[in-house]
Structure formats: C-alpha cells, structure tokens
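Working through the structure, step by step
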Amino acid sequence: MPAHALKRPTLLTLCACVLVAQSMVAAINLLIPQLTSSALHPSHTDILWTVDAYVIVFAGLLIPAGALGDRHGRKGALLAGLALFAAGAATSALAPDPAVLIAGRGLSGAGAALITPATMSILVQLAGPERRAQAMASWTLAIGLGGMAGNLGGGLVGQYLSWRALFAAMVPLAAVLAAAVAVTTPRTARSAHGSPDPVGTLLLTAGLVAVLFGIIEGPGHGWTSARILSAFGVGALLVAAFTVHALRSRAPLFDPRVFRSGGLRATTLGLATGFFGLFALFFVNAQYLQEVKGFEPAVTGVAIVPLIVGMALVPRFAARWSARPRPVVGTGLALIGLGLLAASTADAHTPYALYACWLLVISTGAGLAMPALTLGVVVSLPPHRAGLGAGLGTSAREIGAALGVAVAGTALAGHADFASGMGPALRTVGAVVLLATAAVVTGYRPGGSRASRTAPDPAAAKEPVPHS
C-alpha cells in the first residue's frame, strides 16, 4: 500500500471541489429571469455572456491547466484554482455593471479549469490501479451531483434571495475547501518533463475558445453567419497550428499522437456524446417544467432530482464491471438516447411521475457509462499524464455540453413556441446520441487502453520526479 494511499477525507474533499466547480455551470440558468429584471439592466447579449463566459473559459483552459498541473504540482494547481474561483465569485457578487459580472464569471471559469483536472489527477495518483475504478465512479458522481446542486441552489436563490447571494456564498465555501485540501490532500509526484510550452498553450486555448464561441453563439447568430463561420475557421486554423507546433516541439504541451489510441478516441467521443444528451435535456427540462408544467423555480430545482438518482446509485455497481467497458458504455449511452426519445413525447398533460421515469432511464444510462468512460480516458495515457487525461476528458464533456445546448436551441428556434419545439428538439438529440453510441462501441476495442500505455511519449524525458 503506498504511503499516500487514498483516504476517505481526501476523496470527499476532492469530490466536493469538483462538485462546487460543476455546480456553477448550471446554477446561473435558473437566475436568468432575476438577472434580466435586476438593477444592472443587462441586454440579451449580456445575459448570454453571463451564462457562457464561465463555460467558454472553463472548457478552453482545461487541457493546458491539466498538463501544467502535471508538471508544476497538482495540489498547488488545485489551491490556485480555488483562489481564482473565489476571486471571480466575489467580483460577480459585487459587480456594478454587466461587464464586471461577465469578467467575474470568466475568472471563476479559469479557477474551475484548474480545479477539475487537478482533482481527478490526484485521485488517479493516490488510488492506484486496484481502487481507480471506484475513485472515478465517485468523481463522476460528484460531477452529476454538481449539476443537481447547481439547479437546486439556483432555483432556491432565484425564488427567495438575490442573485448576488449565489456568488457571495461561493467565496467562504471556496475558502473552506482550500483549508480542507491543505489538511487532507498530500502532494503527488509531478511530471517534470521539460519547460512549459507557452506557444502551444496559447494556440490551443485560443483555438478551443474560438470553436466554443461558434458552438454557443451559433443558434443566435445563425450557423452560416460570417461571425460564426469565422469563429470556426479561426478555431480550426489555431488547432491545426497547435498540432504542427506540438509535433515539432521538443517539450510540447501534449503530443497529438496520443489520439492514435482507438481507446482514447472512443472514450473522448463517448464523454462528449453523454454530455451532449444530458445538457440538451438540462436546457429543455428547466423550460418545460416552468413554462409548460407551471412549476416555480425552487420546485423545478427539486423536480430534476430523478436525473441524479441513477448517477448516484448506478456507478457503485458499474465500477464492478470496469474490466468489460464496451457493453457497459454501449448500454449506458443507448439508455441516454432512448430516454431522450421517450422524454420527447412529453407535453402539458404528461403526468410528472411518468416524466420522472424517463429522467430515471437517462440518469441510469449516465451512471453506467460515465465512470467507465472517465476511467477509459485516464488509462489511455501514462500515469504521469493523468492531469492531461483529466483535461482531455473534461474538455470533451464541456464541448459536448455546449453542442447539446446549441443543437437543442437551434431545433427549438425553428418552431413557433417551446411546447411545439420540445419534442422535435429532443428527438433530434436522442437520434444523434444513438448514432454516436454506435461509433463509440465500434471504436472501443478491448485492450486498446492497455496498448496505448506503451505508446511513445516524447515528453517523457528521463528526469527525477519531484513531489508537488
């Protein structure tokens, strides 16, 4: 047993950190009505950027943040992330105008980008091969609970408190988490494989931000508008430039050849597919429950609890089947797709109990697939690159989530009202999930992950490995 084997207080602390970071993705959605009528007088564009700034910065920085945490210390990256998260929340809570609110959201997103891969990477280092599946199941559960906490917290604040209270509460919470990390979390061996890659970091981050901007803003501006096509074009060029730079660099941010691994390609596509379906549902679900069923914001937050039940209960059993990922992943993603197709039949007359059953099907699918997919990304890379693996996996989640909201929003925009557009939107998303599931299962070759561990890692110089 390693001296720094994973202890329960450490596991709980790290899961709490990622739960809080993930909760702020969803919480803001239920505060939009209050923000719109607030003294800040935000425009429609201001509201969109208040929602999107966190996600764009969060997802855009995940891969560099994970790789840099591997090199310079995961515990330090986690503590720095909590400090940035708190600073951004304080900025948002005190914002005198929409621009400062948006800036605060972006700063918190940068903190979340450091928090999320660092927590997973530390867990991978401490758990060891024998407990890795259980640790990833707990981490995935924290992601799901973060979505529930965000919806529930946002709903309660939206109904009973000022929107500023949500951001203000994050400051002491982040401080408590930082103290818990300092006390419970040991330092882990870091990967000292050369100097930082500022050029690669800038190219990749800017490229991902441009692509995410296009995805998120596409429904509003039109997918063929000059602004959106330019964003995708610039993003593609920057990612291509990063690839060329990384292949030529002696110490790249990460080596793009890791995607030669069929297992890594399949697991990242699977993570994107699962979150594509889940976040399309989150986007539609809140509007359905409030606008069609007439639920209050706080009740809406509670009404999504069935989406979390499967995520909470199923991973405990799914971890036992970690040696057979293909059927587990295929079944899980298929349940998400089929559940979305079933939910697409809901209307104003659908009993909530029946709708909740469809949410349970979707959450069961997520509980099956997500831990196996998360573990698949981790084991597709050498252990010293765990932070990079966490960044790649979480980037896939966030890009999939942004695409899910964009596709659902585009489908809804083509109908006269929400009630008539919800069914077609969810059917479109469900069909895409099922098609992508077939591609994931086909590419998920047994043994691929193990084979990829022996793939050359040009960054892996033979150097002493310090602790940080």
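Above this text is the structure in question.
The following paragraphs examine the structure supplied in this document. What you are looking at is a predicted structure, and each value in this text was computed from that prediction instead of being measured. (Residues numbered from 1 in each chain as written. Predicted model: local features only at pLDDT ≥ 70, side-chain atom pairs only at ≥ 80, totals over all residues. Heavy atoms only, no water.)

Considerations on unusual backbone geometry
Let me state the cut-off plainly: Numbering of helices and strands runs from the N terminus; a helix is a DSSP stretch of H or I covering at least four residues, while a strand is a stretch of E covering at least two.
Although it is not a glycine, His41 sits at a positive phi angle of roughly 50 degrees. Residue position: His41 is located in the loop between helix 2 (32-36) and helix 3 (44-72).

Brief notes about the state of the cysteines
The cut-off we apply is this: Disulfides are defined as pairs of cysteine sulfur atoms found within 2.5 Å of each other. Burial status follows relative accessibility: with a 1.4 Å probe on protein chains alone, a residue under 20% of its type maximum counts as buried, one over 50% as exposed, and anything between as partly exposed.
One pass over the full model with this rule turns up zero disulfides. Left without a disulfide partner, Cys17 is nearest to the cysteine sulfur of Cys15, which lies 9.2 Å away. Since its relative accessible area comes to 1%, Cys17 is described here as buried.

Quick notes on empty space enclosed by the protein
One water molecule sets the probe size; rolling that probe over the atoms shows where empty space is left. Under the convention used in this document: Think of a 1 Å grid over the protein atoms and nothing else: a 1.4 Å probe that fits but is trapped marks a cavity, an open set flanked by protein within 12 Å on at least five of seven lines marks a pocket, and residues with an atom within 4 Å of a point count as lining. Grid points are joined across faces, edges and corners, and a volume is the space filled by probe spheres set on the points. Three residue categories are used. Nonpolar comprises Ala, Val, Leu, Ile, Met, Phe, Trp, Tyr, Cys and Pro, charged comprises Asp, Glu, Lys and Arg, and polar comprises the others, including Gly.
Taken as a whole and assessed by the stated rule, the structure comprises five cavities of 30 Å³ or more. Lining the largest cavity are 17 residues, and of these Ile143, Gly144, Phe275, Leu278 and Met311 sit closest to its centre. No other element matches helix 5 (residues 98-160), which puts five residues into the lining of the largest cavity. In terms of residue class, the lining of the largest cavity is built from 12 nonpolar, five polar and no charged.

As for a nonpolar patch on the surface
Applicable threshold: Residues form patches when they are more than 30% accessible in relative terms and have no salt bridge. Like charges link within 9 Å. Nonpolar side chains (Val, Leu, Ile, Met, Phe, Trp, Tyr) link within 5 Å. Residue-level accessible areas treat just the shown protein chains as cover; the underlying method is Shrake-Rupley with a 1.4 Å probe. Whenever Lys or Arg places a side-chain nitrogen within 4 Å of a carboxyl oxygen from Asp or Glu, that contact is recorded as a salt bridge.
There is a patch of nonpolar side chains on the surface, built from Val302, Val305, Val309, Leu313 and Leu360 and spanning about 360 Å² of accessible area. With respect to the helices and strands, Val302 occurs in helix 10 (residues 297-303).

Points about the side chain of Gln34
Keep this limit in mind: When checking whether two residues touch, look at their non-hydrogen atoms; a contact exists if any pair is within 4.5 Å.
Mapped onto the elements of the fold, Gln34 is located in helix 2. Every residue in contact with Gln34, bar those within four places of it in the chain, is listed here: Val157, Gly158, Leu161, Ser162 and Trp163.

Structural notes on the packing of aromatic side chains
Two measures describe an aromatic ring pair: the distance that separates the ring centres and the angle between the ring planes. Here is the rule we go by: A pair of aromatic rings is counted whenever rings of Phe, Tyr or Trp (Trp by its six-membered ring) have centres within 6.5 Å, and the orientation is called stacked for planes under 30 degrees apart, edge-to-face for over 60 and tilted otherwise.
In the structure shown here, the tally under the stated rule is eight aromatic pairs. Ring plane angle 20 degrees and centroid distance 5.7 Å describe the contact between Trp49 and Phe213, whose orientation is recorded as stacked. Here the residue Trp49 occupies a position in helix 3, and Phe213 occupies one in helix 7 (residues 198-221), the gap between them amounting to 164 residues. Here Phe275 and Phe279 contribute two aromatic rings whose centre-to-centre distance is 5.8 Å and whose plane-to-plane angle is 20 degrees, an arrangement assigned as stacked. Linking Phe275 with Phe279, this pair stays in helix 9 (residues 262-292), spanning four residues, or about one helical turn. Of the two residues, Phe275 and Phe279, both sit in the buried class. What links up through ring pairs into an aromatic cluster is the set Phe275, Phe279 and Phe282.

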